[in-house]
There are 2 protein chains.
Amino acid sequence: MSAESHCDVAVIGAGFAGLRTALRLREAGLLVRVLEARDRVGGRSAAATLNGRTIDVGGQWVGVGHERLRALAESCDTSLVPQYTAGSKLLELGGRMRRYDGLIPPASVTALVEMQSALWRLRALQRRVPPDAPWDAHGADALDRLSVDAWQARWLRSRGARALFDIGVRAVFCGTPRQLSMLGFLHYLRANRDFDALLSTTDGAQAWTVDGGMHALAVRMGAALGDALQLDTPVRQIEQQADSVVVHTPRGALRASRVVVAMAPPAAGRIDYAVTLPAREQLAQRMPMGSVIKVLVAYAKPFWRANGLSGEFVGDAAAFSPVFDASPADASHGALIGFFDGPEAVHWSGDAQARRREVIATLVRAFGPEAAEPLDYAEKDWIADPWSRGCYTGLWTPGTLTEVGSALRAPCGRVHWAGTETATEWCGYIEGALASGDRVADELRHAMAS
Amino acid sequence: MSAESHCDVAVIGAGFAGLRTALRLREAGLLVRVLEARDRVGGRSAAATLNGRTIDVGGQWVGVGHERLRALAESCDTSLVPQYTAGSKLLELGGRMRRYDGLIPPASVTALVEMQSALWRLRALQRRVPPDAPWDAHGADALDRLSVDAWQARWLRSRGARALFDIGVRAVFCGTPRQLSMLGFLHYLRANRDFDALLSTTDGAQAWTVDGGMHALAVRMGAALGDALQLDTPVRQIEQQADSVVVHTPRGALRASRVVVAMAPPAAGRIDYAVTLPAREQLAQRMPMGSVIKVLVAYAKPFWRANGLSGEFVGDAAAFSPVFDASPADASHGALIGFFDGPEAVHWSGDAQARRREVIATLVRAFGPEAAEPLDYAEKDWIADPWSRGCYTGLWTPGTLTEVGSALRAPCGRVHWAGTETATEWCGYIEGALASGDRVADELRHAMAS
């Protein structure tokens, strides 16, 4: 890329959204270049090694209905492995650890009734929210003024129901209910079927993992792009001219007919657009990333299974929660995966040794003394990742969707937008990233044909 | 700054906070360097020319109690000019333009009673909030969950009172009530005496302007620093080592014993800290800047005065509101100053010609047909300013103060923080910026003596 090079479409970001966009456009006969700031593809999906096996320290799950992702895995001859769920789950509420089976957590009857009616109410409310234009929902303005916390305070009265709801919000958004707009929350629920589905393994968003790792699929997509993909190339400026766009990087400039920015809104906002894009700028500033640290711990065997436990644990006061079984399909060793979410991630982000002690202490509390002797340990602090600065997604804060939400996908001249946040279905998931790539590729084919 | 240069303290940002910090530290005998990204000093204060006269297109007012700023003006032999307020004010509510005198706007009795009791209630509430640690307020958690919008919906029932309150919030914060945490709001009110004072001219925060312009004071401070001040030098990275800090810029590296970042939190968040500062990162992401475009319009004479008007105008549905008289002290010509605030600023940020038409149409509606013939026009779109990306200040969104607020001033190793947002008194104003400079200079003298 010395001097200035040329292409039809420059795609910024080689996460699943950018990779998909580029492959689709190349199929359509366009000359595409993908510029990626990191030294790897995959964006918010990333790989590490645990006890000699490649594992995902980023996005890892395939959910029910994630058809694009399922087809992608198939096309890579990769099989999906059902999330292990056999056995009892653990729930720590108000300082008490309890085992339970099935779908109904061991909370008070009041809490369960309240929680169930809240889920019903949410399902009714989310129907109001048009997936492609939540700002046009009936009562959008009132819903966007309301935080999820305020809604919850009104409809959940018992401590148990509030605790369960909080656990759910924290796990899904890696943020707190008071940060979130009720309209944004409903938009997210609808795009992912409903709150129940978001929280579920087998029948929901965490149904399968990818044999060999999710990240390997991104690597395959990147390999298919060959020389069209350039790593270690952060984009500093996107400058629109009358009939083209110039993308400036420390490694030279690239001129394209159009550009796709396939990044989370706050990350996209760190690029200089030469002429400010006012609504996009506010979107970048008012859509903070969630906070999460993902941790995997390996054991000689999945000892919890012998005790009748599935490996699933959540707690209302646990910093390290939720936890799931992440053992390889052949159970040749055991592994647990868990998360520090939201404020807990911010709190535990500094000191890696203290964090590890907290992880092990939590696992011992939940699964017994055998958890004290791990074989290996791997983690990824997404707050500290300089290109993501948080995960899983940018969060809809109150007022943002109705004030500047329509800037999410609306092209700004020759600059188009992709990324899981822009998806009308499965947003927040890799499936949404792929869907956004399909959508923006269509958008560009249209724009470039005219 | 070729190769690596050295100093005791590197100050990043030459707004009033950074300039004050540097001058104070130099008085204490330390070798200081100030690095500024822009080609000028002053930060969120800036100058332009209107009808041949230097005017402020950024921060301009001196308020009652702004003693540091008053002393600074005096030390520069600069006088303060009282904000012109003689005559009637204009209020446009529900499509009707009304004149009124004195402090009480022409709203319904219900609206006035509600508004008055809301102001009383706010005064009582703000007393709970310790200026230096709002997160320790009695009931901080509940107040930080609540948006200003939710509070307002509870205490203001009449349309008139809500409209008046909204006008006030928009004018002070350049954002919407649903964006703001009630705890953050109370913190801001307390730091600036109360809501009334924030909205007032003569007895409040907009009492005087600076003869020759506020920005000239920053220029004087910058000149006093001489070679210690370096413009056009954006800081890209701050790298802490065992016993010093290296500040990286496109013009070379600077090694210092300690660093002061004197910038608004979101701008400070665009610097790479080599090792992520988790709470600061969340603060940067969750404290969006307000949105504002400031406009000045010159006329042959201050014709509204002859009609018995003060030049002050606000409207509940006007995009361009509030408006004030900004004529020079000798009234040699007339000038009005006004603002597009919050969502209106985002909406009108794109098209300069349409914006100008909207300004003139509003002024004609308020002040009559003479407003249609301006002599000159000057403006500053602070959203489009690449180093500020908004004004006046970073906003406290729900949850931010209690979750990560204490990161606002807490030094991170050898990196210290200044800027008006960090001030415990007069935050949001230039007085707060100066106060933050005094505070951080003390902090550093302590740290470097030990």
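Residues numbered from 1 in each chain as written. Chains lettered and ligands numbered in written order. Predicted model: local features only at pLDDT ≥ 70, side-chain atom pairs only at ≥ 80, totals over all residues. Heavy atoms only, no water.

### Digging into the sheet that holds strand β5 (residues 61-62) of chain B
All names here are of chain B. Selection criterion: Strand pairing requires that DSSP identify at least two bridges connecting the strands. Only DSSP runs of H or I reaching four residues or more are called helices, and only runs of E reaching two or more are called strands; each is numbered from the N terminus.
Judged by pairing direction, the sheet is antiparallel, and its three strands sit side by side in the order β5-β9-β6 without closing on themselves. The open sheet terminates on both sides in strands that have one partner only, identified here as β5 and β6 (80-82). In terms of strand pairing, β6 meets strand β9 (residues 208-210) through three bridges, oriented antiparallel. Along β9, the bridge assignment pairs Val81 with Thr209.

### Let's talk about unusual backbone geometry
Residue and element names in this part refer to chain A. Along the chain, Cys391 connects to Tyr392 via a cis peptide bond; the corresponding omega equals -5°. Positive phi values are uncommon outside glycine, yet Asp232 reaches one of about 55°. Mapped onto the elements, Asp232 comes out in the loop between β10 (229-230) and β11 (237-240).

### With respect to the interface of chain B and chain A
Reports of interface size often rely on the accessible area that becomes lost once the parts have come together. In plain terms, the rule: Should any heavy atoms of two residues lie within 4.5 Å, those residues are counted as being in contact. Take the accessible area each of two parts loses on contact, using a 1.4 Å probe, and add the two losses: that sum is the buried area. A pair is scored as a salt bridge if a Lys or Arg side-chain nitrogen falls within 4 Å of a carboxyl oxygen belonging to Asp or Glu. In the scheme used here, Gly and all other residues not listed as nonpolar or charged are polar, with Ala, Val, Leu, Ile, Met, Phe, Trp, Tyr, Cys and Pro taken as nonpolar and Asp, Glu, Lys and Arg as charged.
At the interface, 33 residues of chain B touch 33 residues of chain A. Taken over both partners, the interface formed by chain B and chain A buries close to 2800 Å², and the fraction arising from carbon and sulfur atoms is 46%. Our count for the chain B to chain A interface comes out at eight salt bridges. For the side of chain B that touches chain A, the elements supplying multiple residues, two or more each, are α4 (140-145), α11 (278-285), α13 (343-348) and α15 (400-404) of chain B. With five residues, α11(B) is the largest single contributor of residues to the side of chain B that touches chain A. The residue makeup of the side of chain B that touches chain A, split by class, is eleven nonpolar, twelve polar and ten charged.

### A look at the relation of the copies chain B and chain A
Copy one and copy two of the chain differ by a rotation about an axis and a translation along that axis. To be explicit about the condition: For this overlay, a least-squares fit was computed on C-alpha atoms, restricted to residues scoring pLDDT of at least 70 in both copies.
Mapping chain B onto chain A leaves a residual RMSD of 0.0 Å; the transformation is a rotation of 180° accompanied by 0.0 Å of translation along its axis. Between the two chains, the operation in question is that of a two-fold axis. The overlap is high: 100% of the interface residues of chain B also sit at the interface in chain A, so the same surface is used on both sides.

### A look at the layout of surface pockets
The cut-off we apply is this: Cavities and pockets are found on a 1 Å grid laid over the protein atoms alone: a cavity is a set of points where a 1.4 Å probe fits but cannot escape, a pocket is an open set with protein on both sides within 12 Å along at least five of seven lines, and a lining residue has an atom within 4 Å of such a point. Grid points are joined across faces, edges and corners, and a volume is the space filled by probe spheres set on the points.
Approximately 690 Å³ is the volume attributed to the second largest pocket. Together, 27 residues line the second largest pocket, and A:Leu146, A:Ala150, A:Trp151, B:Leu146 and B:Ala150 are the ones closest to its centre. Contributions of two or more residues to the lining of the second largest pocket are made by α3 (109-126), α4 (140-145) and α5 (148-155) of chain A together with α4 and α5 (148-155) of chain B.

### As for the UniProt feature "binding site: FAD" (unreviewed entry) in chain A
Residue and element names in this part refer to chain A. Keep this limit in mind: UniProt positions are given in the numbering used here, feature names are shortened, and annotations may be inferred rather than shown by experiment.
UniProt's entry tags Glu36, Ala37, Val235 and Glu421 with the feature "binding site: FAD" (unreviewed entry), counted in the numbering of this structure. If near-sequence neighbours (up to four positions away) are discounted, Glu36 is found in contact with Gly13, Ala14, Gly15, Gln230, Leu231, Asp232, Thr233 and Pro234. Residue position: Val235 is located in the loop between β10 and β11. With residues near it in sequence (within four places) discarded, Val235 still touches Ile12, Leu35, Val247, His248, Thr249 and Ile271.

### Quick notes on the packing of aromatic side chains
All names here are of chain A. What counts, and what does not: Pairs were defined over the aromatic rings of Phe, Tyr and Trp, the Trp ring being its six-membered one, requiring ring centres within 6.5 Å. Orientation was assigned from the angle between planes: stacked under 30 degrees, edge-to-face over 60, tilted for the rest. Here's how the labels work: a residue is buried when its accessible area is under 20% of the maximum for its type, exposed when over 50%, partly exposed in between, all with a 1.4 Å probe on protein chains only.
By the definition in use, this model includes 34 aromatic pairs over all chains. Note on Trp304 and Phe367: the rings are 6.2 Å apart at their centroids and 50° apart in plane angle, and the pair reads as tilted. Taken together, the positions of Trp304 in helix α12 (residues 303-306) and Phe367 in helix α14 (residues 352-367) put the pair 63 residues apart, joining distant regions of the chain. Take Trp304 and Phe367: they sit in the same class, and that class is buried.

### Examining the UniProt feature "binding site: substrate" (unreviewed entry) in chain A
All names here are of chain A. Feature annotation in UniProt places "binding site: substrate" (unreviewed entry) on Phe339, given in this structure's numbering. Following the sequence through the fold, Phe339 ends up in strand β17 (residues 334-341). The class for Phe339 is buried, based on a relative accessible area of 3%. When residues no more than four places from it in sequence are discounted, the contact partners of Phe339 are Trp61, Val292, Ile293, Lys294, Ala319, Phe320, Ser321, Pro322, Phe324 and Tyr392.

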